[in-house]
Amino acid sequence: MPSPRLSARISGIAESATLAIDAQAKALKASGEDVIGFGAGEPDFPTPGYVVEAAEKACALPLYHHYTPAAGLPELKSAIARKTERDSGLEVEPGQVLVSNGGKHALFNAFSAVIDPGDEVLVPAPYWVSYPEMVKLSGGTVVELATTEETGFRVTIDQLERAVTAKTKMLLFVSPSNPTGAVYPPEEVRTIGEWAAAKGIWVLTDEIYEHLVYGDNRFSSMPVSSPGIRDRCIVVNGVAKSYAMTGWRIGWMIGPPDVIKAATSLQSHATSNASNVAQAAALAAVSGDLAATHEMREAFDRRRTAMHKLLNEIDGVVCYEPQGAFYCFPSFREVLGRTIGGRTLHTTLDLASALLDHARVAIVPGEGFGAPGYARLSYALGDDDLTEGVSRIADYLS
Ligand SMILES: Cc1ncc(COP(=O)(O)O)c(C=O)c1O
C-alpha cells in the first residue's frame, strides 16, 4: 500500500475557524457585496505614525536589510524587558526574551519547547482556536475544561483539581481571554498560579490583551502575583493587539533561560529571526508610551457597551458582558432549532453560514472555540458598521 501523501501529524490539524470565516467575508466583499465582518481578530486602527516612521527609517538603512540574531535584535529584547517591568511588574533579563513572528509563533515555540508526546495540557474552554492544534502538533493531549457564563467563563480550582493527573505537564492560561473577553480578578490569578506551583506543572500565560481591559477589571500577570511558578512559567505577548500591528508579525516569549535557549534553537532552524524592519517598528512601539493604546481602548470600550446591549435585545440571544479584549461571545442556543426562510438552524455553524448568505454578516461559530451554541463577534470595527451589523442579525432572526 502506498504511504499516505500527508503526515498523520498535519492531517489531524483543523483549519483556523477564524481565518476561514474572515477569508469568506473578504472574498464576498471583494466581489462587491456589502458584508459586515465581525470575524476579525484585529484592531481596525492603523499602526501609530511614529511606529511607521521608525520602520521607514529602518528600510533605508542597510543595517536592517540583514539577518538579526535568531532571538531578535538585542536592543528590542532589552526594550521588551523594560516594557514588561513597566506594564506588568515582571522583572526579566533581555536573555529571557525570544522575539518571534507574532504571538502565534511564540506560542508554537513555547509548546514545542516543553511538551512531549503523551503530556497532558489543561486548556480552559472556550479557547482560542490555535491552542489545541498547537498542543496536538507537539504530540500533547488537550484536556478541555469547559466553562460557562456561570463562572464568568473562568476556570475554577475545583475544575483544575479534578482534571490534573500524573501526566499533566502544563496549564494554558489567558486573561483577558479570546473569545470570551473574561478577565480573571488578581486574587484568582494568584490562586491559580500558586496551585500550579504546588503541583509542579508549567503555566503558559498569554498576555497579548494585557492593555485591553475595561471598567473596574484589572489585568494581573501570574508570575508577578505567584512568584513560585517563575521557574515553570512562560509569558507570551506581542505588539499586534496593543499597537494595531497585527500585520507586522512581532511577538515574543519570556521564560526561564533553558526554555528560551531551546526555543531559540528551534526557531533558528525553522524561521531564523523575525523581520528586521518589523523588529525596528516593534522597538519604537514598546519604547514609546501607551497613548495610542489608551485611545484605542476607549473606542473599544464604547463599542463593547453598545454591542453587548444590542445583542441582548435580540430575542433568543444571551450575551455575557465582556471585560477585556475586543470580542462579545453570545449564546445563540435559544435560537437553534428555528427554521428561517426554509432553512433550519441546527448548529451555530448553520447560523453563521445563513447569516453570511442572507444578512451579509460574518460571525465566527463557537464550534472552533470548543463552544457550540455560541459565536464570537469582534467589536474591532467602526461604530456605524457595528450597529448596522447587529441590526441585520436581529432582522434575520426576528
Ligand atoms: C489569545 C491570542 N493569543 C495570541 C494571538 C496571536 O497574535 P499575533 O500572532 O497576531 O501576535 C492572538 C491573535 O488573535 C490571540 O487572540
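Residues numbered from 1 in each chain as written. Predicted model: local features only at pLDDT ≥ 70, side-chain atom pairs only at ≥ 80, totals over all residues. Heavy atoms only, no water.

1. Overview of the site of the ligand
So, step 1. Around the ligand, 13 residues are found, and the nearest of them are Gly103, Asn178, Asp206, Lys241 and Arg249.
So, step 2. Taken by itself the ligand offers 390 Å² of open surface, and the protein chains cover 93% of this.
So, step 3. Ranked by residue count, the leading element in the shell around the ligand is helix α5 (residues 103-114), at 3 residues.
So, step 4. Among the residues making up the shell around the ligand, the classes are represented as 6 nonpolar, 3 polar and 4 charged. (Near = heavy atom within 4 Å. Areas by Shrake-Rupley, 256 points an atom, 1.4 Å probe, with all protein chains shown as cover. Helix = DSSP H or I, 4+ residues; strand = E, 2+ residues; numbered from the N terminus. Nonpolar A, V, L, I, M, F, W, Y, C, P; charged D, E, K, R; others polar.)

2. Quick look at the packing of aromatic side chains
So, step 1. All told, the structure shown has 12 aromatic pairs when counted by the stated rule.
So, step 2. Ring centres of tryptophan 128 and tyrosine 131 lie 5.3 Å apart, and the angle between their planes is 80°; on these two criteria the pair is classed as edge-to-face. Each member of the pair tryptophan 128 and tyrosine 131 is classed as buried.
So, step 3. Here the aromatic rings of phenylalanine 329 and phenylalanine 369 are separated by 5.8 Å at their centres, their planes lie at 90°, and the arrangement is edge-to-face. Here phenylalanine 369 lies in the loop between β13 (364-365) and β14 (375-378) and phenylalanine 329 lies in the loop between β9 (327-328) and β10 (339-340), a separation of 40 residues in the sequence.
So, step 4. For phenylalanine 329, a relative accessible area of 2% puts it in the buried group.
So, step 5. Within the aromatic cluster, the residues linked to one another by ring pairs are Phe45, Tyr209, Phe300, Phe326 and Tyr327. (Phe/Tyr/Trp six-rings, centres within 6.5 Å; stacked < 30°, edge-to-face > 60°. Buried < 20%, exposed > 50% of the residue type's maximum accessible area, 1.4 Å probe, protein only.)

3. What to know about the side chain of aspartate 119
So, step 1. You can see aspartate 119 is positioned in the loop between α5 and β3 (120-125).
So, step 2. We classify aspartate 119 as buried; its relative accessible area is 13%.
So, step 3. Polar contacts involving the side chain of aspartate 119 include one to the main-chain amide nitrogen of aspartate 116, which spans 2.7 Å.
So, step 4. When near neighbours in sequence (up to four residues on either side) are disregarded, aspartate 119 contacts Val114, Gly140, Thr141, Lys167 and Lys169. (Polar contact = N/O pair within 3.5 Å; in protein donor to acceptor, adjacent residues only side chain to side chain. Contact = heavy atoms within 4.5 Å.)

4. Here's the deal with the pattern of salt bridges
So, step 1. Within the structure shown, the criterion is met by 20 salt bridges.
So, step 2. Of the charged contacts in the structure, one is a salt bridge between aspartate 383 and arginine 302, with a shortest N-O distance of 2.9 Å. Of the two residues, aspartate 383 sits in helix α14 (residues 383-397) while arginine 302 sits in helix α12 (residues 291-312), which places them 81 residues apart along the sequence.
So, step 3. Close ionic contact of arginine 303 with aspartate 383 constitutes a salt bridge, the shortest N to O distance being 3.6 Å. Taken together, the residues span a long stretch of sequence, with arginine 303 in helix α12 and aspartate 383 in helix α14 at a distance of 80 residues.
So, step 4. With relative accessibility at 4%, the residue arginine 303 sits in the buried group.
So, step 5. Accessibility expressed as a relative area gives 29% for aspartate 383, which makes it partly exposed. (Salt bridge = Lys/Arg side-chain N within 4 Å of Asp/Glu carboxyl O.)

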